[in-house]
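What the coordinates show
Residues per chain are reported as follows:
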Amino acid sequence: MQTSGVLDLVLTFRAQMPATMARVAAVLEADPAAPLELSITGLAERAGTSAATVTRLCRLLGFSGYPALRVAAAQDVGRGDRDRAWLTDFGDSFAPGDSPSTVLSTLLNAQLVAIRTTAQQYDLTALTDLAARIRNCQKLDVYAVAGSGLVGRELAARLARLGVNAHAHIDRHSGLPSAALLDENCVALGISNHGDTEDTLGMLSEATRHRAWTVAITSSPETAMAAIADQHITAASPHSDVQPDEVAARHAQLLTADLLYLLVAQVDPARTARTLAATAEAFTR
């Protein structure tokens with residue numbers, strides 16, 4: 001992590017920034033606390049640009065992504081007390097003094113909005129084509145780290161029961177070598193809420209270089225992963241300001257995983273029945 005303040009870094013690299021990135025820098029100069037108040041999409045909207053541009057600015061300044069920039073911004077503006085720390089991690093949707101019923105209601109609403117928004121944005125024709133591609137591919141790599149890794153491992157395990165040669169990779173040490181062995185007969189699927197997770201982006205990029213069909217599941221099409229993938233699937237509302245936004249994203253990611261699993265199962269029902277019966281029988285011996 002850089003030791004210089006965010007504002008100092010912005011001023012240092014300002015001359016290297018294209019116009020769209022400079023608009024984000026101008027917002028940070030005018031309001032150094034903006035990253036604490038806004039989601040990555042909110043900051044992009046205030047600057048009149050895209051979330052992918054914000055991500056590129058973060059990387060230019062030496063941060064792994066927007067979350068790391070937010071932490072540095074919090075340190076810069078002296079928000080080390082409990083209230084400020086709470087705001088940084090949870091935003092203003094939840095308050096320390098909220099009743100359990102209020103917390104539940106806010107959480108439920110955020111998750112329902114994310115799931116409904118996700119469902120409304122599905123391109124079912126494209127997803128059906130993807131399911132057929134997964135069913136017939138030689139190998140499927142699923143790249144996902146941290147919280148998204150739970151979804152990635154679940155999806156890979158369930159698809160493996162259908163007879164898909166599926167493997168989940170939750171860090172670059174296993175994912176990069178696997179991606180290097182893919183080809184045009186393979187599928188690589190990356191899952192990341194913000195779409196700029198360094199390990200996931202790196203693994204998906206490697207799969208792209210080897211001509212695998214790449215799929216990005218992120219919260220918005222305006223993400224670094226979506227920009228390099230052959231196909232993008234939106235999981236979670238791109239305009240949710242609930243923090244941490246991974247709370248809402250997890251259920252939208254699971255909905256997407258469940259839908260893909262069922263669509264793959266439908267591609268060849270007879271084969272699905274055989275593989276499910278065979279794997280179930282293994283537990284009865």
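Everything here concerns the structure above.
Please read all numbers here as calculations on a predicted model, not as lab measurements. Per chain, the residues get numbers from 1 upward, laid out in the order the sequence is written. Two thresholds apply to this predicted model, a pLDDT of at least 70 for residue-level local features and 80 or more for giving and counting side-chain atom pairs, whereas whole-chain, interface and lining totals are computed over all residues. Excluded from the side-chain calculations are hydrogens and water; all other atoms, namely the structure's heavy atoms, are used.

Observations regarding the pattern of salt bridges
One side-chain nitrogen of Lys or Arg within 4 Å of one carboxyl oxygen of Asp or Glu is enough to make a salt bridge. Following the criterion strictly, the structure yields 8 salt bridges and no others. Ionic pairing is found between Asp-141 and Lys-139, a salt bridge with its closest N-O pair at 3.9 Å. By relative accessible area, which is 0% here, Asp-141 ends up buried. With relative accessibility at 17%, the residue Lys-139 sits in the buried group. Salt-bridge contacts for Glu-154 lead to Arg-158; the nearest nitrogen and oxygen are separated by 4.0 Å. One end of the pair is Glu-154 and the other is Arg-158, both in helix H10 (residues 146–161) and 4 residues apart, which spans about a single turn. With a relative accessible area of 39%, Glu-154 lands in the partly exposed category. Burial classes: relative accessible area under 20% of the type maximum marks a residue as buried, over 50% as exposed, and values in between as partly exposed (1.4 Å probe, protein chains only). In this description a helix means any DSSP run of H or I spanning at least four residues, a strand means any run of E spanning at least two, and both kinds are numbered starting from the N terminus.

Section: helix H11 (residues 172–180)
Within H11, the full set of buried residues consists of Gly-175, Ser-178 and Ala-179. Buried residues of H11, viewed axially, fall in a sector of 100°; they line one side. The criterion used for residue contact is that any of the two residues' heavy atoms lie within 4.5 Å. Against strand E1 (140–143), strand E2 (166–169) and helix H12 (198–209) lie the buried residues of H11. Residues adjacent in sequence count toward polar contacts only when both atoms are side-chain atoms; beyond that, a polar contact is any pair of N or O atoms within 3.5 Å, and within protein one must be able to donate a hydrogen and the other to accept it. The N-cap of H11, judged by a side-chain oxygen 2.9 Å from the amide nitrogen of His-173 a few residues on, is Asp-171. By construction, the arc corresponds to the directions joining the helix axis to the C-beta atoms.

Quick word on the packing of aromatic side chains
A pair of aromatic rings is counted whenever rings of Phe, Tyr or Trp (Trp by its six-membered ring) have centres within 6.5 Å, and the orientation is called stacked for planes under 30 degrees apart, edge-to-face for over 60 and tilted otherwise. The final tally for this structure, using the stated rule, is 0 aromatic pairs. By definition here, charges over rings are those cases where NZ of Lys or CZ of Arg is within 6 Å of the ring centre and within 35 degrees of the ring normal. Lying over the aromatic face of Trp-213, Arg-133 brings its terminal NZ or CZ to 3.9 Å of the ring centre. The ring centre of Tyr-261 lies 4.1 Å from the NZ or CZ of Arg-158, which sits over that ring.

Topic: the pairing of E1
Residues Leu-140 and Val-142 line one face of E1 and the alternating positions Asp-141 and Tyr-143 line the opposite face, and both faces are buried. Judged from the 4 bridges that link them, E1 and E2 form a sheet pairing that is parallel. Of the residues in E2, the one forming a bridge with Val-142 is Ala-168. Orienting the strands away from the viewer, one traces the path from the first strand over the helix to the second; a clockwise path indicates a right-handed crossover. Handedness of the crossover joining E1 and E2 through H10 is recorded here as right-handed. Two strands are said to pair when DSSP picks up at least two bridges between them. Across 4 bridges, the pairing between E1 and strand E3 (residues 187–191) is parallel. Looking at the pairing, Leu-140 lines up with Val-187 of E3.

Details of the state of the cysteines
A pair of cysteine sulfur atoms is labelled a disulfide when the two atoms are within 2.5 Å. Here the structure, examined in full by the defined rule, presents 0 disulfides. Left without a disulfide partner, Cys-137 is nearest to the cysteine sulfur of Cys-186, which lies 6.6 Å away.

A short note on the sheet that holds E1
Taken in spatial order, the 5 strands line up as E2-E1-E3-E4-E5 in an open sheet, and their pairing is parallel. Where the open sheet ends on each side, the last strands, each with one partner, are E2 and strand E5 (231–234). Neighbour-to-neighbour, the strand axes of this sheet turn through a mean angle of 20°, independent of strand direction. Strand contacts of H10: E1, E2 and E3, with the helix running at about 165° to E2, the strand carrying the most contacts. Angles shown run from 0 to 180 degrees and are taken between the N-to-C directions of axes, each axis being a line fitted to C-alpha atoms and, for helices, limited to the stretch in contact.

Remarks on unusual backbone geometry
Not every positive phi belongs to a glycine, and Ala-146 is a case in point at roughly 55°. As for its placement among the helices and strands, Ala-146 is situated in helix H10. Here Arg-211, not a glycine, exhibits a phi torsion of approximately 70°, which is positive. Taking relative accessible area as the criterion, Arg-211 reaches 58% and is therefore assigned exposed.

Concerning a nonpolar patch on the surface
Each patch is built from residues that are more than 30% exposed by relative accessible area and take part in no salt bridge. Like charges join if they lie within 9 Å; nonpolar side chains (Val, Leu, Ile, Met, Phe, Trp, Tyr) join within 5 Å. Here the open area of atoms and residues is found with the Shrake-Rupley method and a 1.4 Å probe, where only the protein chains shown may cover a residue. Taken together, Leu-104, Leu-108 and Leu-112 make up a surface patch of nonpolar side chains, about 270 Å² in accessible area. You can see Leu-104 is positioned in helix H8 (residues 100–121). In this structure Leu-104 comes out as exposed when scored by relative accessible area, which is 57%.

Notes on the packing of helix H4 (residues 40–47) against helix H5 (residues 51–60)
At their nearest, the axes of H4 and H5 sit 8 Å apart, and the two run at 100° to each other. Between H4 and H5, the interaxial angle falls into the category roughly perpendicular. On H5, the residues that touch Ile-40, Leu-43 and Ala-44 of H4 are Ala-51, Val-54 and Thr-55. Here the angle decides the label: under 35 degrees means roughly parallel, over 145 means roughly antiparallel, 65 to 115 means roughly perpendicular, and every other value means oblique.

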